[in-house]
Every structure is written in C-alpha cells, then in structure tokens.
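Breakdown of the fold
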Amino acid sequence: MTTTRPTVDPATSDVETPAPGASHGYWRSLRQLAEPSAGQDALRDEFPEGASELEVTPVDRRGFLGVMGASLALAGATLSGCVRKPKEKILPYASRPEDLIPGRPKYYATATAIGPTVLGLVVESQEGRPTKIEGNPRHPNSSGATNLWAQAEVLRLYDPDRSRTPARGKEGGAPAPATVTELEAFLKEHLGKLRGDGTGLALLLSWRPSPTLQKLVAEFRTAYPKATVHLHDAAYPAGDRAATALLGQGQLQPVYAVDRAKVVLTLDCDFLGTEGDMVRATRGFAAGRRVRSERDEMNRLYTVEPMLTITGGMADHRLPLAASQVGAFARALAAELFRKGVNPPTGAQELVSKLGGTSEAFGKWIPAVAADLARQRGQSLVLVGERQPAWVHALGHLLNAALGNVGRTVTYTAHEEGPAEGIEALAKAMRAGQVKTLVMLGGNPVYDAPADLEFGAALKQVPTSIHQSLYPDETSRASSWHVPASHFLEAWGDLRAKDGTTSVQQPLIAPLFGTWSELEFLARVVGSPVLDGHQLVKRGAAAQYKGQLDFERFWRRTLHDGVMAGSSAPPVSPTFNWAALAGTLPAAAAASGGLELAFQLDESVYDGRYANAGWLQEYPDPVSKLTWDNAALVGPVTAKRLGLADGDLVELSVQGRKLKIAAFTVPGTVENTVVVPLGYGRTAAGKVGNGRGFNAYALRTTQGLGFAGGAALAKLGGTYKLVTTQEYGQLVEPQTGRRRPLIREATLAEYRKDPAFVKKDEAIPAEKITSLSHRSVETGGQQWGMVIDLNACTGCGACLVGCQAENNIPVVGKERVANGREMHWIRIDRYFEGSMETPRMVYQPVPCMHCENAPCEPVCPVTATSHSADGMNDMIYNRCIGTRYCANNCPYKVRRFNYFNFTKENDARSPLLAMQRNPDVTVRFRGVMEKCSYCVQRIMEAKAESKRQGHGVVADGAVVPACAQVCPAQAIVFGDINDPKSAVASAKRDSRHYGLLTEVNTQPRTTYLGSLRNPNPELA
C-alpha cells in the first residue's frame, strides 16, 4: 500500500494535546512516585528491554503522560536520570603532540571529484578524525560552498561496509579474503609476464581528471604497448565530449560563466542540480538573481525539459517537452535566429541551409526566445543536458558561437585526458575472447553499464579480472580479484578542474583498513619504482612547477591553500568544423508510438555510488519528495489515462527489456513520458543501500542512454510502499481557492511598481497584532537572527545534509519516515502553482524560527525550551521529558521528537560512525525534542574567541551556521540583528522582507526575502 503519512493516531502522533493541568492522570502519576516501587515500575515501563529496536505499542494519552511524568520525577530522584548513557573512558595523551589542543579542531585543504565536477574542500579534523566538510573559498568551483554529495563523503569514510581486505574469486562461489602480500605477489607475477607486450590486457577507468593518474596511464601504455585503455562512467559528460569531437575539437572542453549571462536557455540541462559544475553554476546564477533595490537588473532563465528539475523550478519560463523533441526545438531556434539577422559563424553556411525545423509546434516560444537571445548577444548562454545526443550538444555550441558568447559566457580549455575507447569496444573484445586480463579502476560496470552489453556475462569470459573499488560491489563480486580502495580523505591525489585549476587531494587520516589509493594501485600495475601516493603526487607537482621560488615552499603553499598557484588554463579559441555537423543532422524523427522513457541521475544517490549513505537515502528528492526509493515518474495526465495511483506496481518495457517498478505522479512531467531515476536497485551496496528501489539500468542501452521511445507500461496489480516527507504540494487552499501567503512572490515589473509587495499578503498588519501571551524579551546586546533569500535559494538540499553532518542528526529509516518521524532540523518545502500539467515550482527552507514570542515556551512543564539572553529559543535536553507540548504548539512544525534511541541504532549498524560526530554537539537519546539551534556551538566558539582577542563582541560574519556555510547560492544570511551594519540587519531592512505566519504574533527571528520572477512579456 502506498504511504505518504498514515492516519493520525492520537497515541503516537503529534496531535493537539491539552495543557498539563487538563490531565488528571498526569499529576496523579507524579503523586504515585512518592512510593519507590512505583518509580521503579514506571522506569521499567518507560524503558523496556529492546525499546530502541521496536515500534511503540499504542497506549492511551493518559497512560502515555503518566509515563512521561514518571520520567520527570525520576530525573531529580536517586536514579538521577531517565536514560542509560554509554560508559566512556577518557584517557589522556601519554605524550601529547606539541601543536594539538584537545577540543580545538584543525582544518586541512583537499579536493574531490563528484561526477563531472571538481570541488576544492576544507575539512575539519577533531584530534585526527575528519568530522565535517566545507568548501574551499580559494577554489573557483566551490568558493566556500559544497553540494550534498560532498557533505555526505565524511559519512562514507566511516562506512563499516567499505572493503577492508583483498578478495580472490573462487569458481562458483563468493570471493574469499586474501592478504595484501598475496595480492602483491599475484600482481608482480601475473602482470610481470605481460610487461613489454600487453597482448590481451585491458585497462578500464572511471572518469577522474587527475594529472598524476594520466601520467600513470601514459606509463601503462609504455609498459604494455599492445594493451587497450577504456573509459566508462555513468556520470561522465559523454555527450559534450562527443560533440566537440564531432566538430573536430575533441581536445577542448567548455567552461561556462553563468554569472556573466543575462539570458540563459537550458535544453534539457539541470545545471543547478545534477549536471556540470553545479556549485559554481549555482553561485553564478544566484548572483544574477540578487536584487537589492528596484533599480537592479535580474537574469532570465528559460528551461526546456521533460520533467521538473531544480533548474526548471527556478526558471522564469519552462516548456515541458519530451526529450526526443529537444533537438527539434534547438534546430527551430537556430533557424529563427539566423532569420532574425544573427550571423552564423564562419564555415556554418551549409549547416544553416540544412537546419530546417519549424516553430509552429512550440507556439510563441521560438520567436520570443530567439528575440531575447539576439538582444543579449555576448551576454547570453545556451546549455545542453547530458540526456541529449552529440548533435544537439553541437547545436548548442553553434548557438553560443553565433550569439557571440564564446570568450565571454563560455570559454574553451584543453583537457589532458589521453585517448580511451568506450566500454562498448571493451565488451565486444571480451565476448570475442580477446581480453585475457582486465584491470578496472573504480566504477561499477556490472551494475551500470548499458544493459545490451551484458557486461556481467562478458566478464565471465575473461580469465583474470581485477577490480579496485571502495566497496565489494557487484563488479568486485564478479571479478577474479577485488582490491579495496582508499577513500579520498585517506589518500593522496590531485585533480584538475575544467578551467585548469589544479588541487592536491591531501589525506586527513591514515587508511582505516590498510587500503591503497587508485594511484598506488595503478603504480603497482605499471611497475613504477615509486609506490607511495604522496611521492607520486609530489613528483607530478614538481614536474609541472615552472616558478622561480624554492619548490618546497611552493609545495607547502599549495597544501595550505588547496590550489596550485598559476595552474588555471588559458582559454583556447576553437575552430569548429561546422560542416561535420551538417552531415550528421538526423532527419525529422517519426513518432515511435507508445511512451517515451527518460533516464536521469538521482538527486540523492546520484548514479548509485552513494546508495549506502544513509544521509542521502533519507534526503527527500527536491521535486517528488520521495525518500529511500526511486519510482517510475509520470505526469497527472498520463497517470489518469493509464489509471495509475501512487505506489501501483507496473511493468516498464522497452526494446524487449522489462522492469518491475512502482509508479508515482509528479506534476510537470510531460505527457506520455516516464522518467526513471538511476542509482537504485543495488544488490551489493551495503546494509543501507541493498534492495532499495528499482534498477533502471536494466532498461538503459547504448542506443538509449538518455531516453528511448516505444516504451510500454502495464499495471501488474499490487502496490509498493513509497514514502514522501510532504503530502501537500499547493499554495492554494482547495476549499476557497485562496493563495496561502507562505511564499510571497512577484514579477520584477511588479516589484519595481511596488517594492513592498510582500505586505499585500499580510493577514493582519504588524501594528495591529496583539496577543494575550505576549511577553517582553531581551533586546540588548548581540541578538541573533537569520534571513533566507527565496530569490536565490534553488532548493538543492545542501543545507539539509550539511546541518545533519554538523549536528549529529541520526538516520531513522524508511518505516519511521513513513510515520512522520524524520529527524531533519531543517526541511525544504516544495509547492506547485498553476496547472499541474505545467506548474511553477517554488521552494522554502523552514528551520526553527527562534520566535521572540515563542509558543513552545509557555507550554513546557519543565522549562526545557526557553529563551536565551541573545534572543534564541534554546532546547535543554536533560530537562526535556518528551510531553511534545512544544511541538503541538509550534505553528511551523519544525520540532522533532526522538521516539527511539536512533543514535544507538545507528551506532549498532555503523560502529565507526562515532568518529564522525561533532564533539561540540550533544548526542541525543530517546525521549527528547530536537530542532535547529542556529548552530549554537559555533556561536559560543565565536564568543569565546572574541573574549580571547579582547574584542568584547563577535564581529559580523564570524558566526556562519552550517546551513549558510554550505549554501552554494549564498541564500542564507546570519548575524547580529542589533548591529545596523551587519548583513542580516541590512537584509531585514529590505522591502522584500517578511516573516512566516506573523499574524499569530510569534515574532520570528528567522525571516525571508520574497521571491521574484523575470518573465518575458512576449510569453507572459
């Protein structure tokens, strides 16, 4: 049965509950505790053996409050508390390192590659334990921010399901553990026989832009001249690389400057979500949306896509269009631009004559968008998504060249990747018996290779296969040898971004399981005399160094800054062969009939590599709000025509391949299209990821990597439990049709006419709000507050995962999320407006509001929630007895109750997880309320540092909560609202500033800036 939220059960759910005085049973239970036996009985009742592992048995309200009262009395009795805290032994250093101060973290610069992007990072280390990842302000791709996948990497470091020892495959059985000595002896003997020749040897790489790795690959080619090198990565930007190769410039790659573009057109490209340099693009795009006064300009975004994405949600205009029709749209747009007088680039005249295309099928879009792009020549940008074939990407390059964007909003740099064949050629050679030894670095081709290659079956025909990976995954289990890999926080490496910026990947901890990095493994394969990762990377840096200073000083500076000075690549002027594109333009595609199937990287587990990260499995998809699963996503019209309800089990079939999967309706999905996120259906991901969702790779073939026509969907009968964190999705009240003013929005033109447009939606003017419960609060000294700019926020979810990493927030699992018991301290509400076939989507992050007149405070019988002198709503855990009155009285519903000892459960599943926890944040046990604390631990540290420096007050910008620090859009501002010069005080003076539900007189400290759209009048 499909589940969003279950029917409310008064015994176990957050329902409206009377004040304590209304419950005679509550106070009677306190009187009964005068007898010791009653107290002992109540204690046993509240904490039965195994309570953390079992669901609560429903009880009546009176009984539940009686138990809570028992815990209150016992808190001050000889039992001295209600929970059994774990015993911890603290041992001092026998000889403490000179530069180590317990409790004072250190920070190290490093870098990682996630999909097609490189991120510079700064990682916090607590006495040798990496605990929190932030962006490196010096790296152009991160500029101090990260995405949710980078935040979750610290969780993967301590994953107990990671591979620990080598394994040797047995005939007809599971791989058996082996020693490192046995592995090294095998590599030396087996590969030694092939050195100097390499016949029958193949190397399969996953994409990683590492200069040192490329140097080792070159050495591999020298050591094994007859060997072949192949590349496969489900997240590799194959379409764009194929396009530049088609145009005769295969050595070049585009670098997009979204911050310089006034008009952006995306053709099936989620550049704010899963594609490209997402963090850098989000920062640039948000900069173009930031409005301080009615005189400011805003960029404009057009999006053409088959399903709503993060990018589509931010668009000023969005055209739902089947993925197979995006190429036709690009052709019609190019033809319209050239008709309007835009000059084609040199050598493209023949191409122009072959474009064809008609604008009638796209309504007003083609002439309106073409005119807008033509007006902003040199300040526009066209982006094409990875779902599209190479010729559509090539058309994107053509449009940018014709509009004068090359050298302005798009530049080209040379990449240093050596030539490599695709996995198709490798699979063919494997089936032909030409591959005798296969070495695989990373990736998981048995799981994610195109289905028609049947890579798993082909691998069985290879006598010797060696796979290195972080986990004993599907490919490792099918290989002759499995080599465990080091996490990037344990290993030396280097990475080069698209703009040439080179970073050193600096480890923060010795390998937990004695593993090798991919550089150290490949060095052994090559037979290099240097096997140490540090020496390999340092040797490569010395070879690149062209400066005049001493190299050691340069090396130390690089490690400190995280980027190599002077490494950015100069732009290259491309000379595209447009005639080659003219010869490959396809004829107009005939309708294939049936449904169209579209594949996309998942917003949480990506291509499947993060399937075992509980933080990401529990992260709600920004559009569908599904957690722990994927589904076949269809639009409302298609669902109605096929008679589908959410959770119905269906059979998807295309080109003779079938997949059993659950269906789910998502507004904005184009009619007759089924979208299936990749990355689920893993069988060897680990305890967290195994068996989650459905494996869409089973339908993905070499001829349909992005989309495939002629698909069919048939209902099977039966349902599958799908869980979402938001069962409501519209800002319009169904009964009255009135718009709820939670998110206040206007067009740029409306804002210029009325800068204070947000006031129109106030239910009661601020000066007329009165309340019997109003009380005076502290207003002197430093008073903390937060403002969230809804015009910049993209809803990417990095804040949610960053908060989880910073504040030791546990994972609760799918069943608990289904019961509404997720523990996230910040949620991102998603709403649809307009027609559900072509809706607009808006986001609103909602943490604790830290109300000045907080409704949660007067109802707490033990004053566990109280007001601090600096204006924050504090939560005192060791006072809380779990009545949940505060949650019931909170109109924002931002408090979470610890129904079970989730921390204990997480520790039992992952004993190493304790190493990740932030020691500055209390680890909560069963029976207390949790909520956003404004990262009070960071505030207290800043106060202490200010006192040490003798300043007296904390400087503006010295305190940055985790959510604000991770945000790539810089949408969250925090600081002292009493300081008129602070950024947060300035934001609160903005005419777009408003509070949420202020009509109930909560006087929230967390407030918002209204959202703006910049529509084209020709399409309005």
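These numbers come from a predicted model, not from an experiment. (Residues numbered from 1 in each chain as written. Predicted model: local features only at pLDDT ≥ 70, side-chain atom pairs only at ≥ 80, totals over all residues. Heavy atoms only, no water.)

1. Points about the overall build of the protein
Just so we agree on the cut-off: In this description a helix means any DSSP run of H or I spanning at least four residues, a strand means any run of E spanning at least two, and both kinds are numbered starting from the N terminus. The buried label goes to any residue with under 20% of its type's maximum accessible area, the exposed label to any with over 50%, and the partly exposed label to all in between, with areas taken from a 1.4 Å probe on protein chains only. Note on contacts: a residue pair is in contact if any heavy atoms of the two residues lie within 4.5 Å.
A count of helical and extended segments in the protein gives 31 helices and 39 strands. Looking at the protein as a whole, 60% of its 1020 residues are labelled buried. Within the protein, contacts between residues separated by at least 24 positions form 75% of all contacts whose residues are at least 6 apart in sequence.

2. Focus on the sheet that holds strand β2 (residues 117-126)
Here is the rule: Any two strands with at least two DSSP-identified bridges between them are counted as paired. Lines fitted to the C-alpha atoms define the axes, with helices restricted to the stretch that makes contact. Angles between their N-to-C directions range from 0 to 180 degrees.
Pairing is antiparallel in the open sheet, where three strands are placed in the order β1-β2-β3. In the strand order of this sheet, the two ends are held by β1 (106-114) and β3 (129-135), each with one partner. In this sheet, neighbouring strand axes are inclined to one another by 35° on average, regardless of whether the strands run parallel or antiparallel. By the bridge criterion, nine bridges tie β1 to β2 in an arrangement that is antiparallel. When the bridges of β2 are listed, T110 appears paired with L121. Contacts from helix α4 (residues 148-157) reach β1, β2 and β3, with the element oriented near 170° to β3.

3. A few points about the pattern of salt bridges
Put simply, the rule is: By definition here, a salt bridge exists when the distance from a side-chain nitrogen of Lys or Arg to a carboxyl oxygen of Asp or Glu is within 4 Å.
Scanning the model with the defined rule gives 47 salt bridges in all. Across the pair E518 and R208 runs a salt bridge, and its minimum N-O distance is 2.6 Å. Here E518, found in helix α18 (residues 518-526), pairs with R208, found in the loop between β6 (201-205) and α6 (211-223); they are 310 residues apart in sequence, far enough to count as distant. Pair check on accessibility: E518 and R208 agree, each one buried. Its salt-bridge partner being K721, residue E815 comes within 2.6 Å of it at the nearest N-O pair. Of the two residues, E815 sits in helix α26 (residues 814-818) while K721 sits in the loop between β26 (707-719) and β27 (723-724), which places them 94 residues apart along the sequence. Residue E815 is classed as partly exposed on the basis of its relative accessible area of 42%.

4. Here's the deal with the side chain of N898
The line we're drawing: We define a polar contact as two N or O atoms separated by no more than 3.5 Å, with the added condition that, inside protein, one atom must be a possible hydrogen donor and the other a possible acceptor, whereas residues neighbouring each other in sequence contribute only through side-chain atom pairs.
With respect to the element layout, N898 can be found in the loop between β34 (896-897) and α28 (902-909). Accessibility expressed as a relative area gives 1% for N898, which makes it buried. Within the local environment of N898, its side chain forms a polar contact with the side chain of E930, the two groups lying 2.5 Å apart. N898 has contacts with M823, R924, F925, R926, G927, V928 and E930, leaving out every residue within four places of it along the chain.

5. Section: empty space enclosed by the protein
Quick note on the threshold: Points on a 1 Å grid, built from protein atoms alone, make a cavity when a 1.4 Å probe fits but cannot get out and make a pocket when they are open with protein on both sides within 12 Å along at least 5 of 7 lines; residues with an atom within 4 Å of a point are the lining residues. Grid points are joined across faces, edges and corners, and a volume is the space filled by probe spheres set on the points. Residues are grouped as follows: Ala, Val, Leu, Ile, Met, Phe, Trp, Tyr, Cys and Pro are nonpolar; Asp, Glu, Lys and Arg are charged; every other residue, Gly included, is polar.
In this structure the tally under the stated criterion is 13 cavities of 30 Å³ or more. Around the largest cavity, the lining comprises 44 residues; the ones closest to its centre are R156, S206, G442, G443 and L470. Of all the elements in the fold, those that place two or more residues in the lining of the largest cavity are β1, α4, α15 (445-448), β16 (464-469), β18 (493-496) and α18. Here the lining of the largest cavity is composed, by residue class, of 16 nonpolar, 17 polar and eleven charged.

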